[in-house]
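Report on the structure
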Amino acid sequence: MGSTYLSLHYHIVFSTKERWPYIASAWRTRLHEYLGGTVRGLDGVPQAVGGVNDHVHLLVGLRATHALADFVRELKKSATNWVHEEVHETAFRWQEGYGAFTVSPTSRASVKRYISTQESHHRQQSYQDEFIDFLAKAEIEYDPKYLL
């Protein structure tokens, strides 16, 4: 076999600085579209982008040559610049760090549905509780002081 075949799909989640509700509904869809375009510009494949006023979720396909930390750093940097320049929300910042969880081919459809229903989901569960659930399901140890 003379080639490399892989499936690298990640559910990436990150929040606004101090989970401040910066992402207004008036421009949220445009931000999600911009994030999807940025993923493409970084040579990834956006499969779903969604979120609410204090965080975003992305389902992305990446190449073997991507370094996940570099990819997310560039994505967040580009989106911050877009918000500053296009929306004129100059106080906007993303929180340091992110969550990234691998997604199997059989789970992609359910993750896409999950991302598309963020508005209704967060009427019942906070972002912090959601993120703690992700960490628990992935069996990732964490220090609660870093989730404040």
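For the structure, check the block above.
These lines cover the structure that appears in this document, whether it is placed above or below. Just so you know, these numbers come straight off a predicted model, no measurement behind them.

Scanning the protein from N- to C-terminus turns up five helices and four strands. In the protein, the order of α-helices and β-strands from amino to carboxyl end is β-α-β-β-α-β-α-α-α. Relative to the globule expectation of 15 Å for 148 residues, the C-alpha radius of gyration of the protein, 15 Å, shows essentially globular dimensions. Taken along the three principal axes of its C-alpha coordinates, the protein extends 50 × 35 × 25 Å. The proportion of buried residues among the 148 residues of the protein is 42%. Sequence-distant contacts in the protein: of pairs separated by 6 or more residues, those separated by 24 or more amount to 72%.

With respect to the secondary-structure elements, Arg-108 resides in helix α3 (residues 108–116). Notably, Arg-108 is buried but unbridged: the nearest opposite-charge side chain belongs to Asp-43, and the N-O separation is 16 Å. If we skip the residues at most four places from it in the chain, Arg-108 touches Ser-7, His-9, Gln-47, Leu-59 and Val-103.

Here the focus is the pattern of salt bridges. For the coordinates displayed, the defined rule picks out five salt bridges. Salt-bridge contacts for Arg-63 lead to Asp-43; the nearest nitrogen and oxygen are separated by 2.9 Å. Note that Arg-63 is positioned in the loop between β3 (55–62) and α2 (68–87) and Asp-43 in the loop between α1 (25–41) and β2 (45–52), a separation of 20 residues in sequence. Taken together, the shared-partner salt bridges in this structure form one network comprising Asp-70, Arg-73, Glu-74 and Lys-77.

The next point concerns the nonpolar core. Phe-14, Trp-27, Leu-31, Leu-58, Val-60, Phe-71 and Trp-94 are the most contacted members of the largest nonpolar core, which totals 22 residues. Among the secondary structure elements, those contributing two or more residues to this core are β1 (8–15), α1, β3 and α2. Trp-94 has contacts with Phe-14, Ser-15, Thr-16, Lys-17, Ile-23, Leu-31, Val-56, Lys-76, Ala-79 and Thr-80, leaving out every residue within four places of it along the chain. Formed by seven residues, the second largest nonpolar core is a distinct cluster that contains Val-13, Tyr-127, Phe-134 and Leu-147.

Residue Glu-18 is not a glycine yet carries a positive backbone phi of 55°. Note on placement: Glu-18 falls in the loop between β1 and α1.

For β1, a buried count of seven out of eight residues is recorded, marking the element as mostly surrounded by other parts of the structure. Bridge count for β1 against strand β4 (residues 99–102) is four bridges, and the pairing is antiparallel. Looking at β4, one finds that His-11 is bridged to Phe-101.

As a further point, take the pairing of β2. Note: β2 against β3, seven bridges, orientation antiparallel. Bridge pairing links Gly-50 to His-57 in β3. Counting the residues in the hairpin turn of β2 and β3 gives two residues.

A few words on α1. Taking 1.5 Å as the rise per residue, α1 with 17 residues should run 24 Å; its terminal C-alpha atoms sit 25 Å apart, in good agreement. Regarding α1, the residues found buried are Trp-27, Arg-28, Leu-31, His-32, Leu-35, Gly-36, Thr-38 and Val-39. Along its buried surface, α1 packs onto β2, β3, α2 and α4 (118–121). Directly beyond the C-terminal end of α1, a positive phi value near 70° is found at Asp-43.

Cut-offs and rules
Residues numbered from 1 in each chain as written. Predicted model: local features only at pLDDT ≥ 70, side-chain atom pairs only at ≥ 80, totals over all residues. Heavy atoms only, no water. Helix = DSSP H or I, 4+ residues; strand = E, 2+ residues; numbered from the N terminus. Rg over C-alpha atoms; globule rule 2.2 N^0.38 Å. Buried < 20%, exposed > 50% of the residue type's maximum accessible area, 1.4 Å probe, protein only. Contact = heavy atoms within 4.5 Å. Lys, Arg positive; Asp, Glu negative; His and termini not counted. Salt bridge = Lys/Arg side-chain N within 4 Å of Asp/Glu carboxyl O. Core = buried A, V, L, I, M, F, W, Y, C linked by side-chain atoms within 4.5 Å. Pairing = 2+ DSSP bridges. Expected span 1.5 Å × (residues − 1).

Any link to function would need more than the numbers given here.
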